[in-house]
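# Structure assessment
So the chains spell out like this:
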Amino acid sequence: MSQGDQRMSQSRSWNMRRARWVLVAAHVPIVAISPVFIVFGTPGLPTPSVSVPMAVLAFLALGALQLHHSLAVARGVRPPYGVLTLLALAVLVYGPMPVYTWNWVPTQVLLIASAPMVLPKWPAIGAIVAPLAGTAATAGILKAAWPVGSAFTLINGFVYWPIVLALMAASLYGSARLVQVVQELHNARTELAELAIGRERLRVSRDLHDLLGQSLSAISLKGDLALKLLDRDPPAAEAEMKSIVAVAQEALRDVRTVTREEHAVSLRTETEGAAALLRAASIDAQIQHELGELPPKAEAVLAWALREGVTNVLRHSEASTCEIAIRRRDGAVRLEITNDGVRAASAPGSGLTGLRERARAVAGTVSASVTPGGGFRLCVEVPEESE
């Protein structure tokens, strides 16, 4: 694992731990409401006689069951033994309620929040609605029985408590889902980073193949020619050696631009370079073109295609002639490279795969086939108005 991957993994682990601690912190005050009420009492209600250790024990039991559900949802899974733990939570919520009365009503928040974490859709809806409706009815009846009861106190009884319970339950459920979303976001970011790295590796591999294939073929060709000329024509051999140095320097500049994704190719320059290389290889080059102005993306694809096609002629054929034709036709620009000397043992390389990817990016097409006369034809066509 690289240092970058390690840093990304450590950052992800730290963010997830922090999100879970925030989740726990969000649960603490809500779980503590009823234990605090049964110790210190609720204004207007009698204070139960409860020891602090019992309240702490109730707090821990309620918190453990609720966090069991919430942390499972935060991981994106159903809580293990969820039905049993939900039943245990219901016993803790409703068992002490006859003794602690209204001081214990807020514990229903935990049951309402846990229901959708554990139960299927319709049972969960029932488990949510029943406590809210029961609390609203009870609060309304109690308010109506007050000597100072009024329409306002009646509405307050029916509306206030259900809204408070629903909002607190929503905050617990939402905090658990939020941690899950954070997890999914980190997973998505990791996948996007891996895809970006993969695409960049493919781009560098493709560009290096396309750039260096022709340059290295030219160096090899010119080196052979210089060796042949060394004895009978030293000045010509020296000129070829200088040409090799120039090609090598150009290849070095190309490699540097690949890493910065700054390399630009020109169709006219590639056409001139192709003609020179083919002549140096004693291949009769017949070039017909109708260039003019072309959209940059279309020109780039055709320039790469010309470079790849000529490289294949030099490396994979025994051609004596090579025809290169570039024409406009029906709103498209078509490049055809045909040679007359396919080697029987030659096999297609990865260059055509990269070329097809370039053409596909501008809605173009690439075809390659052996001609009836034993030659090879490469045809690339791209829309003239490539976006």
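For the structure itself, look to the data block above.
The text that follows walks through the structure, step by step, so that each part is easy to find.

## A word on helix α10 (residues 296–316)
Each full turn of the α-helix corresponds to 3.6 residues, which orients residues three or four apart in the same direction. The end-to-end C-alpha distance of α10, which contains 21 residues, comes to 29 Å, matching closely the 30 Å that a straight helix rising 1.5 Å per residue would cover. Of all the 21 residues making up α10, 15 are buried; the element is thus mostly covered by neighbouring parts of the structure.

## Examining the packing of aromatic side chains
Inspection of the entire model under this criterion finds two aromatic pairs. Aromatic side chains Y100 and W104 sit 5.4 Å apart centroid to centroid with 50° between the ring planes, which places their arrangement in the tilted category. On the basis of an interplanar angle of 90° and a centroid distance of 5.4 Å, the ring pair of W102 and W161 is categorised as edge-to-face. Separated by 59 residues along the polypeptide, W102 in the loop between α4 (97–100) and α5 (108–118) and W161 in helix α7 (residues 151–232) bring together distant segments of the chain. No difference in accessibility class separates W102 from W161, as the two residues are buried.

## Focus on the nonpolar core
A general tendency of soluble globular proteins is for nonpolar side chains to be buried together. If you look at the biggest cluster of nonpolar residues, it comprises 37 residues, and the most contacted ones within it are L89, W104, V109, L110 and L165. Listing elements by their share of this core, those giving two or more residues are α1 (3–40), α2 (52–74), α3 (82–94), α4, α5, α6 (121–145) and α7.

## Some words on the packing of helix α9 (residues 267–280) against α10
Following both chains from N to C, one finds α9 and α10 inclined at 10°, their axes separated by 9 Å at the closest point. Considered as vectors, α9 and α10 are oriented roughly parallel to each other. Across from L267, R268, E270, T271, A274, L277 and L278 in α9, the residues of α10 making contact are E299, L302, A303, L306, R307, V310, V313 and L314.

## Observations regarding the pairing of strand β5 (residues 376–383)
The sheet contact formed by strand β3 (residues 332–339) and β5 spans eight bridges and is antiparallel. Following the sheet pairing, T338 is matched in β5 by R377. The sheet contact formed by strand β4 (residues 365–370) and β5 spans six bridges and is antiparallel. Directly across from T365, in β5, lies its bridge partner E381. What sits between the antiparallel neighbours β4 and β5 is a turn of five residues, in which G374 has the positive phi angle 90°.

## Quick look at the sheet that holds strand β2 (residues 321–329)
Read from one edge to the other, the open sheet built from five strands follows the order β1-β2-β3-β5-β4, with strand pairing classed as mixed. Whereas interior strands pair on both sides, the edge strands pair on one side only; in this sheet they are β1 (284–289) and β4. Taking the axes of each pair of neighbouring strands and ignoring which way they run, one obtains an average angle of 10° across the sheet. Sitting on the sheet, α10 touches β2, β3 and β5, and the angle it makes with β3 is about 5°.

## Examining the pattern of salt bridges
Taken as a whole and assessed by the stated rule, the structure comprises five salt bridges. One salt bridge connects R334 with E336, and the closest N-O pair in it is separated by 2.8 Å. Owing to a relative accessible area of 22%, R334 belongs among the partly exposed residues under this scheme. Between E336 and R377 there is a salt bridge, and its shortest N-O distance comes to 3.9 Å. Taken together, the residues span a long stretch of sequence, with E336 in strand β3 and R377 in strand β5 at a distance of 41 residues.

## Some remarks on empty space enclosed by the protein
Enumeration over the complete set of coordinates arrives at one cavity of 30 Å³ or more. Considering only enclosed or pocket space, the largest cavity measures out at about 50 Å³ in volume. Every residue along the wall of the largest cavity is listed here: G309, N312, V313, I337, N339, L352, F376 and L378. The set of elements that each furnish at least two residues to the lining of the largest cavity consists of α10, β3 and β5. Counting residues per element, the lining of the largest cavity draws most heavily on α10, at three residues.

## Comments concerning the pairing of β3
A large share of β3 lies buried, amounting to six of its eight residues. Alignment of β2 against β3, held across eight bridges, turns out to be antiparallel. Residue A325 lies in a different strand from β3, and its bridge partner there is E336.

What counts and what doesn't
- Residues numbered from 1 in each chain as written.
- Predicted model: local features only at pLDDT ≥ 70, side-chain atom pairs only at ≥ 80, totals over all residues.
- Heavy atoms only, no water.
- Helix = DSSP H or I, 4+ residues; strand = E, 2+ residues; numbered from the N terminus.
- Expected span 1.5 Å × (residues − 1).
- Buried < 20%, exposed > 50% of the residue type's maximum accessible area, 1.4 Å probe, protein only.
- Phe/Tyr/Trp six-rings, centres within 6.5 Å; stacked < 30°, edge-to-face > 60°.
- Core = buried A, V, L, I, M, F, W, Y, C linked by side-chain atoms within 4.5 Å.
- Axes fitted to C-alpha atoms, helices over the stretch in contact; angles between N-to-C directions.
- Parallel < 35°, antiparallel > 145°, perpendicular 65-115°, else oblique.
- Contact = heavy atoms within 4.5 Å.
- Pairing = 2+ DSSP bridges.
- Salt bridge = Lys/Arg side-chain N within 4 Å of Asp/Glu carboxyl O.
- 1 Å grid on protein atoms, 1.4 Å probe; cavity = no way out; pocket = protein on both sides within 12 Å on 5 of 7 lines; lining within 4 Å.
- Points joined across faces, edges and corners; volume = space filled by probe spheres on them.

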